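Understanding the architecture of this molecule
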Amino acid sequence: MNLIFSVDKNWAIGYKNELLVRIPDDMKQFREKTTGKVIIMGRKTLESFPNGKPLKNRVNIVITGNTDYKVEGAVVVHSVEEALKEAKKYNSEDVFVVGGGTIYKEMLEYCDTAYVTYIDYAYAADTFMVNLDTMPEWYVAKESEENTYFDLEYYFRTYKRK
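Residues numbered from 1 in each chain as written. Predicted model: local features only at pLDDT ≥ 70, side-chain atom pairs only at ≥ 80, totals over all residues. Heavy atoms only, no water.

Among all positions of helix α1 (residues 24-34), only Asp26, Gln29 and Thr34 are buried. Buried residues of α1, seen end-on, are gathered within an arc of 105° and therefore sit on one face of the element. The inward-facing, buried residues of α1 contact β1 (2-7), β4 (38-42), β7 (95-99), β8 (113-119) and β12 (152-161). Where α1 ends, the next residue or the one after it, Gly36, has phi of about 80°, a positive value. (Buried < 20%, exposed > 50% of the residue type's maximum accessible area, 1.4 Å probe, protein only. Helix = DSSP H or I, 4+ residues; strand = E, 2+ residues; numbered from the N terminus. Arc of directions from axis to C-beta. Contact = heavy atoms within 4.5 Å.)

Spatial strand order, β3-β2-β9: three strands in an open sheet with antiparallel pairing. Two strands in the sheet have a free side with no partner beyond their single neighbour: β3 (18-19) and β9 (127-128). Two elements, strand β2 (residues 12-15) and β9, share two bridges in a ladder whose sense is antiparallel. Among the inter-strand pairings, Ala12 is bridged to a residue of β9, identified as Phe128. (Pairing = 2+ DSSP bridges.)

Attention shifts here to the layout of surface pockets. By volume, the largest pocket is sized at about 970 Å³. Every residue lining the largest pocket is counted, 34 residues in all, and those nearest its centre are Leu19, Thr45, Ser48, Phe49 and Val98. Its residues placed into classes, the lining of the largest pocket shows 14 nonpolar, 13 polar and seven charged. (1 Å grid on protein atoms, 1.4 Å probe; cavity = no way out; pocket = protein on both sides within 12 Å on 5 of 7 lines; lining within 4 Å. Points joined across faces, edges and corners; volume = space filled by probe spheres on them. Nonpolar A, V, L, I, M, F, W, Y, C, P; charged D, E, K, R; others polar.)

Generally speaking, soluble globular proteins have nonpolar side chains that are buried together. Counting residues in each nonpolar core, the largest one holds 31 residues, and the members touching the most others are Leu3, Phe5, Trp11, Ile40, Met129 and Leu132. Of all the secondary-structure elements, those providing two or more residues to this core are β1, β4, β5 (59-63), α3 (80-87), β7, α4 (101-107), β8 and β12. A total of four residues in this core trace back to one element, the largest contributor, which is α3. In this view, Trp11 contacts Phe5, Val116, Tyr118, Phe128, Met129, Val130, Asn131, Leu132, Asp133 and Tyr159; residues no more than four positions away in its chain are not counted. Ile4, Phe49, Ala74 and Val98 belong to the second largest nonpolar core, which has 13 residues in total. (Core = buried A, V, L, I, M, F, W, Y, C linked by side-chain atoms within 4.5 Å.)

Below you can see the structure in the form of structure tokens.
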């Protein structure tokens, strides 16, 4: 399974249930990697999408503790274990964990690739990802050249589990 997210230099991923910044090439990479695939997310991440609706052309698996929660166009599960069981129906290379912070942390041990947009800037944030650079079992397998969006510098990195 895969993780896909953008982080700032402090490995922050969000603030008040929003992305820190919207970089068009980052959004494009997300679309290209996940369209036609399976995405796993928490309820708050789903609700942060446009109109709080599942993303089109993907299998949307939503994890929530609320057993009454229903979403048209999504598979609703109530634990990481249930999400993993549902994901087993698909090729693991086609499964992407897309947030939020708690779901990333809970699913990290089941993933072997992370597609990270690393933004060389520190934002005000309240949600953070585990810093893969400090984890000996992860390494940068690929890194793009420096990209810029206005005055922001960012890199596309692919991390792999050793």
